[in-house]
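Structural description and commentary
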Amino acid sequence: MYKRGLVQVWSLEQPEWHCRIDEGSAGLVASCWSPDGRHILNTTEFHLRITVWSLCTKSVSYIKYPKACQQGIAFSRDGRYLAVAERRDCKDYVSIFVCSNWQLLRHFDTDTQDLAGIEWAPNGCVLAVWDTCLEYKVLLYSLDGRLLAAYCAYEWSLGIKSVAWSPSSQFLAVGSYDGKVRILNHVTWKMLTEFGHPAAVGDPRVVVYKEAEKSPRGLLGRPTCPPPRAAESKYEIAAVPATLQTLKPAADRANPKIGIGALAFSPDSYFLATRNDNVPNAVWVWDIQKLRLFVVLEQLFPVRSFQWDPQQPRLAICSGGSKVYLWSPAGCVSVQVPGEGDFQVLALCWHLSGDSLALLSKDHFCLCFLETEDGDTARGKLGSHT
Amino acid sequence: MGDWMTVTDPESKNISQYTSETKMSPSSLYSQQVLCSSIPLSKNVHSFFSAFCTEENIEQSISYLDQELTTFGFPSLYEESKGKETKRELNIVAVLNCMNELLILQRKNLLAQENVETQNLKLGSDMDHLQNCYAKLKEQLETSRREMIGLQERDRQLQCKNRNLHQLLKNEKDEVQKLQNIIASRATQYNHDMKRKEREYNKLKERLHQLVMNKKDRKIAMEVLNYVGRADGKRGSWRTGKSEARNEDEMYKILLNDYEYRQKQILMENAELKKVLQQMKKEMISLLSPQKQKPRERADDSTGTVFSDAEEDPGELGRESMWDLSCETVREQLTNSIRKQWRILKSHVEKLDNQVSKVHLEGFHDEDVISRQDHEEETEKLELEIQQCKEMIKTQQQLLQQLATACDDDTTSLLRDCYLLEEKERLKEEWSLFKEQKKNFEKERRSFTEAAIRLGLERKAFEEERASWLKQQFLNMTTFDHQNSENVRLSSAFSGSSDRDNLTVHSRPRQKPFRVSGGSPVCTSKLTKSLPASPSTSDFCQTRSCVSEHSSINVLNVTPEETKPSQAGREGASQKWSVASRPASQEGCCGCSLTYTNSHAEKDDLP
């Protein structure tokens with residue numbers, strides 16, 4: 001509850017346990033768990049400081065001068081280290097803390113104009129730091145604070161929009177405002193290849209799935225009155241060359257809708273899913289083994305978010321409608337969320353085991369279970385909770 | 001001079017003109033005469049010919065002609081004069097000769113004129129042709145000049161365009177540079193501003209924080225029901241220097257582990273790649289070494305491989321043991337050797353390509369087409385084969401299944417027996433067939449041998465008969481008179497020994513009465529009596545009968561055949577038959593000779 005500056009914590013196992021943290025006048029802008037589940041990090045208003053509340057010792061630690069940026073805090077995957085982006089005297093710094101006792105391990109400055117984000121590599125040894133969107137710069141620091149490499153693709157144009165590590169730490173995918181994703185390799189930190197996202201897909205080896213409504217009425221479906229429930233939809237394979245819907249961005253407004261807004265690697269590092277904000281309805285899936293485009297999925301509505309199953313190469317997509325879409329190399333399916341009324345799926349989240357999926361709407365969420373029968377996956381039972 | 005055009009002048013006038021002009025110079029006379037001669041070609045030729053000489057002025061005309069001819073070098077028309085005063089007689093021979101000479105001359109002149117005319121025509125046509133060529137060439141020259149001018153124009157235009165484009169490019173580049181400079185300056189300005197604003201903001205933040213903290217209206221607190229244990233179950237530790245050191249150690253450990261892991265991966269990759277390279281090198285060497293053994297023209301290639309192999313062999317063993325080392329020299333050596341081998345392979349492939357292209361150039365299109373056709377045919381054949389094989393495999397699978405899925409042992413054994421029974425029966429049938437055939441062959445063989453034996457016997461009998469018959473003849477010979485000249489001549493026509501001649505001489509009169517008495521059937525009957533019936537000999541008799549109907553010469557021809565077979569039989573050479581067939585050029589005789597050779601050959605083969 002950000003407005004009130006309160007954080008409330010409940011236990012799943014012991015329903016009577018309960019905790020409440022009040023930031024008071026400091027205000028609350030962001031709050032997150034630590035990886036061991038025993039600490040809560042609250043970012044106060046105006047990013048004055050980060051307060052680390054410990055649930056086991058009721059002690060408080062402060063981290064000063066945190067950076068107010070897109071991704072200023074990053075925990076390493078194994079939960080050992082925390083990297084915090086700081087800014088003092090108009091200079092950017094990165095501090096690395098040991099999560100077990102919150103001791104400062106390293107503190108070093110970065111060669112960035114205005115640090116926009118940091119992210120650990122899954123192997124916990126390299127930290128990727130990237131600059132503001134006005135300048136294209138990716139810096140790679142080792143765990144002990146040494147600068148390993150710097151990469152700059154071009155100058156004088158809007159730069160990086162999103163960054164993602166591959167789970168094997170072999171690749172770093174950098175999505176930029178020019179609509180391209182550049183893949184760097186972990187040995188030389190040089191660009192392996194770049195993927196473009198044009199609106200016209202020409203390669204005949206690519207499969208293009210287009211979502212189409214299964215209208216029960218006539219052929220062209222002139223619905224006289226809007227249907228009570230959203231119509232079922234299915235995927236059709238479109239012939240290549242196919243063109244996708246594009247969106248013309250407003251050039252004079254902030255945060256223009258161009259560039260690669262979302263990137264995600266599949267857990268086996270075989271696939272990379274991207275979304276070009278210019279073509280908001282489509283999700284591009286790239287084959288990393290062959291370094292080329294594999295599949296394009298075009299939805300009827302702009303894609304809000306997508307996430308890979310943590311166990312296998314299965315992608316779940318939601319686009320704000322009442323359906324969740326699943327894609328795997330075997331095929332793709334669109335699943336309707338059952339229930340009365342419209343359930344607008346705004347976000348989704350996979351369970352670590354890959355068996356279930358949480359779908360979040362504005363004030364509801366529902367769990368989708370995926371039965372793993374022989375050969376028949378993605379037949380979902382859906383349960384609903386509020 | 002006179003009106004030469006009017007030919008209808010009275011003859012006397014002409015004559016008088018001629019006669020009056022005999023006194024003039026010969027040259028003018030000649031010219032006038034030419035004129036004269038040219039005119040009448042179109043008009044009355046005959047009149048002109050008669051106009052010159054008529055019955056009245058013969059003498060004059062003769063004298064005139066004589067004068068003219070002598071001036072031309074011809075002999076005189078007159079006979080040799082005996083005296084001055086006597087009238088000269090016309091030498092007709094001379095006249096004729098002169099005429100002939102004149103005719104010859106005329107012909108020559110005509111020929112020459114024709115030649116000149118044809119040459120004239122030729123030259124005229126050549127001239128025309130050359131003029132045409134010249135005109136064409138002039139035209140071509142004009143057009144090419146015009147083209148050249150056009151091209152030059154275009155070239156100039158393109159160069160202008162090029163210059164303009166270069167200029168535009170330069171302008172654009174300058175603009176880009178300018179804009180970049182502007183952006184850079186703006187960026188620095190912006191950074192400066194940003195820094196200023198940030199400092200202000202920080203100051204404000206600090207102020208606000210102080211103010212807020214001072215107020216302390218609400219307490220910042222945390223309410224927890226109870227403490228939650230640590231995630232790892234241990235107790236929290238104090239922050240000390242030791243713990244800091246421990247943290248550092250842990251961090252370095254993690255980093256080192258990561259580096260070691262990566263290095264292992266890279267080493268593994270390296271080892272694999274080296275293996276692959278080594279394999280490639282070996283394969284390349286093996287590919288190129290067969291060349292070395294065959295004595296081919298490419299000596300340089302073979303020497304190249306020989307050299308490389310010689311280098312490799314001593315180092316080969318050593319290198320294999322050094323696989324795991326990754327020092328510079330080993331790596332360099334490996335890469336160098338691979339490169340060398342690759343270059344050799346490349347040059348070899350290029351040479352092969354050249355060869356192939358040379359071969360192709362000769363029969364380019366056809367070979368291509370043929371090869372493609374062959375290729376297609378082959379692929380079709382292969383596809384058919386594949387289909388057949390697949391069908392076979394299916395049937396076999398079915399059979400196997402039947403065999404495998406045996407419900408009962410009995411049925412399986414029955415089935416097996418059935419299959420075997422079928423096979424057994426088939427084998428029996430075949431065996432019986434084979435035996436029958438064998439028997440037939442044996443029979444035939446036996447019959448052939450019997451026939452051969454019979455033939456031998458027949459022959460013997462026949463010879464004995466002949467010998468006896470000859471003896472009889474010889475005995476009867478003395479009772480007969482000697483022959484006419486015809487017989488002698490006829491006998492001389494035959495080639496052979498005196499013995500034979502005598503025999504024929506003697507046999508002929510013997511035969512004559514045979515023939516006269518219509519003894520052709522008798523002859524045959526006699527012969528048939530002596531010889532047992534056999535197909536070859538019957539043929540022989542038939543042919544003999546048809547022959548004997550011919551004239552005596554034919555009969556005579558037959559007889560040497562008769563005698564000859566005996567001799568041939570004795571000598572046993574079938575080549576004699578060809579000799580026999582030559583004098584006997586009738587078809588029948590040839591036929592019979594051939595059939596006899598067949599049987600004869602058989603007889604020889606089957607003793």
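Residues numbered from 1 in each chain as written. Chains lettered and ligands numbered in written order. Predicted model: local features only at pLDDT ≥ 70, side-chain atom pairs only at ≥ 80, totals over all residues. Heavy atoms only, no water.

**Section: the overall build of chain A**
As a reminder, the rule being used: Numbering of helices and strands starts at the N terminus; helices are DSSP runs of H or I of at least 4 residues and strands are runs of E of at least 2. Classification of residues uses two cut-offs on accessible area relative to the type maximum, computed with a 1.4 Å probe and protein chains only: under 20% is buried, over 50% is exposed, and between them is partly exposed. Working rule for contacts: check all heavy atoms of both residues, and any pair within 4.5 Å makes them a contact. Surface accessibility in these figures is a Shrake-Rupley result with a 1.4 Å probe; residues are shielded only by whichever protein chains are displayed.
In terms of helices and strands, chain A carries zero helices and 34 strands. Out of the 386 residues belonging to chain A, those deemed buried represent 52%. Restricting to contacts in chain A with at least 6 residues of sequence separation, those with at least 24 account for 40%. About 18,200 Å² of surface is accessible on chain A, with carbon and sulfur atoms providing 52% of the total.

**What about the side chain of D287 of chain A?**
Residues and elements named next belong to chain A. Filter applied, for reference: Positive: Lys, Arg. Negative: Asp, Glu. His and the chain ends are not part of the count. Take a side-chain nitrogen of Lys or Arg and a carboxyl oxygen of Asp or Glu: if they are within 4 Å of each other, that pair is a salt bridge. Side-chain atoms alone can form a polar contact between residues adjacent in sequence; in general such a contact is a pair of N or O atoms within 3.5 Å, and within protein one must be able to donate a hydrogen while the other accepts it.
Tracing the chain through its elements places D287 in strand β25 (residues 282-287). Despite its burial, D287 remains without a salt bridge, the nearest opposite charge being carried by K290 at 4.0 Å. Of the polar contacts made by the side chain of D287, one reaches the backbone nitrogen of Q289; its length is 3.0 Å. Setting aside chain neighbours within four positions, we find D287 in contact with Y270, F271, R292 and F294.

**Considering the sheet that holds strand β3 (residues 30-33) of chain A**
Residues and elements named next belong to chain A. Under the convention used in this document: Whether two strands pair depends on DSSP finding at least two bridges between them. Angles here are taken between N-to-C directions and fall from 0 to 180 degrees, while the axes themselves are lines fitted to C-alpha atoms, restricted in helices to the stretch in contact.
Ordered by their spatial adjacency, four strands build an open sheet running β3-β4-β5-β6, and the pairing between neighbours is antiparallel. Whereas interior strands pair on both sides, the edge strands pair on one side only; in this sheet they are β3 and β6 (60-64). Taken pair by pair, the neighbouring strands of this sheet meet at an average axis angle of 20°, ignoring direction. Relative to β6, strand β5 (residues 49-54) runs antiparallel, the two being bridged by five bridges. Residue pairing for β6: T51 is matched across the bridge by Y62.

**What to know about the interface of chain A and chain B**
Selection criterion: By definition, the buried area sums, over both parts, the 1.4 Å-probe accessible area that each loses when the two are put together.
In this assembly, 47 residues from chain A lie in contact with 44 residues from chain B. Between chain A and chain B, roughly 4,400 Å² of surface is buried when both sides are summed, and carbon and sulfur atoms account for 55% of that area. On the surface where chain A and chain B come into contact, there are three salt bridges. Residue E248 of chain B pairs with R106 of chain A through a salt bridge whose shortest N-O separation is 2.6 Å. In this assembly, chain A and chain B are joined by eleven residue pairs in polar contact (both at pLDDT 80 or more). For the side of chain A that touches chain B, the secondary-structure elements that each account for two or more residues are β2 (18-22), β5, β8 (81-88) and β10 (103-109) of chain A. Top element by residues in the side of chain A that touches chain B is β2 of chain A. It accounts for five residues.

**A look at the packing of aromatic side chains**
Residues and elements named next belong to chain A. Put simply, the rule is: Only Phe, Tyr and Trp rings are paired, with Trp represented by its six-membered ring, and only when their centres lie within 6.5 Å; those with planes under 30 degrees apart are stacked, over 60 edge-to-face, the remainder tilted.
One pass over the structure, following the stated rule, counts 14 aromatic pairs over all chains. Judged by centre distance (6.1 Å) and plane angle (75°), the ring pair of Y136 and Y151 falls under edge-to-face. One end of the pair, Y136, is in the loop between β12 (126-130) and β13 (138-142); the other, Y151, is in strand β14 (residues 147-151), and 15 residues separate them in sequence. Of the two residues examined, Y136 and Y151, each falls in the buried class. Joined through ring pairs, the aromatic side chains of F271, F294, W308 and W327 make up one cluster.

**Some words on the sheet that holds strand β11 (residues 117-120) of chain A**
Working definition: the strands of a sheet are paired by backbone hydrogen bonds and lie parallel or antiparallel to each other. Residues and elements named next belong to chain A. If you trace the four strands from one edge of the open sheet to the other, you get β11-β12-β13-β14, paired in antiparallel fashion. Two strands close off the open sheet at either side, each with one partner strand: β11 and β14. Across the sheet, the mean angle separating the axes of adjacent strands is 20° when strand polarity is ignored. Note: β13 against β14, four bridges, orientation antiparallel. Counted as the bridge partner of Y141 is L147 from β14.

**Considering the side chain of S166 of chain A**
Residues and elements named next belong to chain A. Mapped onto the secondary structure, S166 falls in the loop between β15 (160-165) and β16 (171-176). For S166, a relative accessible area of 0% gives the class buried. Excluding its chain neighbours within four sequence positions, the residues that come into contact with S166 are P122, F171, F265 and S269.

**Some words on the confidence of the model for chain A**
The following threshold applies: On a scale of 0 to 100, pLDDT captures the predictor's confidence in every residue.
Within chain A, residue pLDDT values average 83, and 91% of them lie at 70 or more. This stretch, residues 374-386 of chain A, has a pLDDT under 50; its non-local contacts, to residues over four places away or in other chains, come to 33 contacts.

**Quick word on a nonpolar patch on the surface**
All names here are of chain B. Where we set the bar: Within the patch definition used here, like charges are joined within 9 Å and nonpolar side chains (Val, Leu, Ile, Met, Phe, Trp, Tyr) within 5 Å, considering only residues with over 30% relative accessible area and no salt bridge.
Residues L399, L400, L403 and Y419 make up a contiguous nonpolar surface patch of about 390 Å² in total accessible area. Element by element, the count of residues in the nonpolar patch is highest for helix α9 (residues 364-404), at three residues. Taking relative accessible area as the criterion, L400 reaches 55% and is therefore assigned exposed.

**Some thoughts on helix α4 (residues 58-72) of chain B**
Since the α-helix advances by 3.6 residues per turn, residues separated by three or four positions end up pointing in the same direction. Residue and element names in this part refer to chain B. Which entries qualify depends on this criterion: A helix is expected to span 1.5 Å for every residue after the first.
Here α4 spans 21 Å end to end across 15 residues, near enough to the 21 Å set by a 1.5 Å rise per residue. All of the buried residues along α4 are S61, I62, Y64, D66, E68 and L69. One or two residues past the end of α4 sits G73, with phi positive at roughly 100°.

**A few points about the nonpolar core**
Residues and elements named next belong to chain A. Note the following rule: We define the nonpolar core as a collection of buried residues of types Ala, Val, Leu, Ile, Met, Phe, Trp, Tyr and Cys that are connected through side-chain atoms lying within 4.5 Å of one another.
By size, the foremost hydrophobic cluster in this structure holds 39 residues, and its most contacted members are Y81, V94, I118, L140 and L172. For this core, the element with the most residues is β12, which contributes five residues. Counting 23 residues, the second largest nonpolar core, distinct from the first, contains F195, A238, I260 and V296.

**Quick look at the pairing of strand β9 (residues 91-98) of chain A**
All names here are of chain A. By the criterion of burial, β9 is predominantly enclosed, with seven of the eight residues buried. Pairing between β8 and β9: eight bridges, direction antiparallel. Counterpart to A85 in the pairing with β9 is V94. Hairpin connection of β8 to β9: two residues between the antiparallel strands, including D89 at a positive phi of 50°. Relative to β10, β9 is paired through six bridges, and the arrangement is antiparallel. Within β10, the residue paired with S95 across the bridge is H107. Joining the antiparallel neighbours β9 and β10 is a turn of four residues, in which W102 adopts a positive phi near 55°.

**Quick word on the pattern of salt bridges**
Opposite charge on two side chains permits them to pair, given that their charged atoms come into close proximity. Considering all chains together, one arrives at 24 salt bridges over all chains under this definition. Where E198 of chain B meets R87 of chain A, a salt bridge forms, and the shortest distance between an N and an O atom there is 2.4 Å. Of the two residues, E198 of chain B sits in helix α5 (residues 92-215) while R87 of chain A sits in strand β8, which places them in two different chains. For the pair shown, E198 of chain B and R87 of chain A are each scored as buried. Via salt bridges that share partners, K67, R87, D92 and D114 of chain A together with E198 of chain B belong to a single interconnected network.

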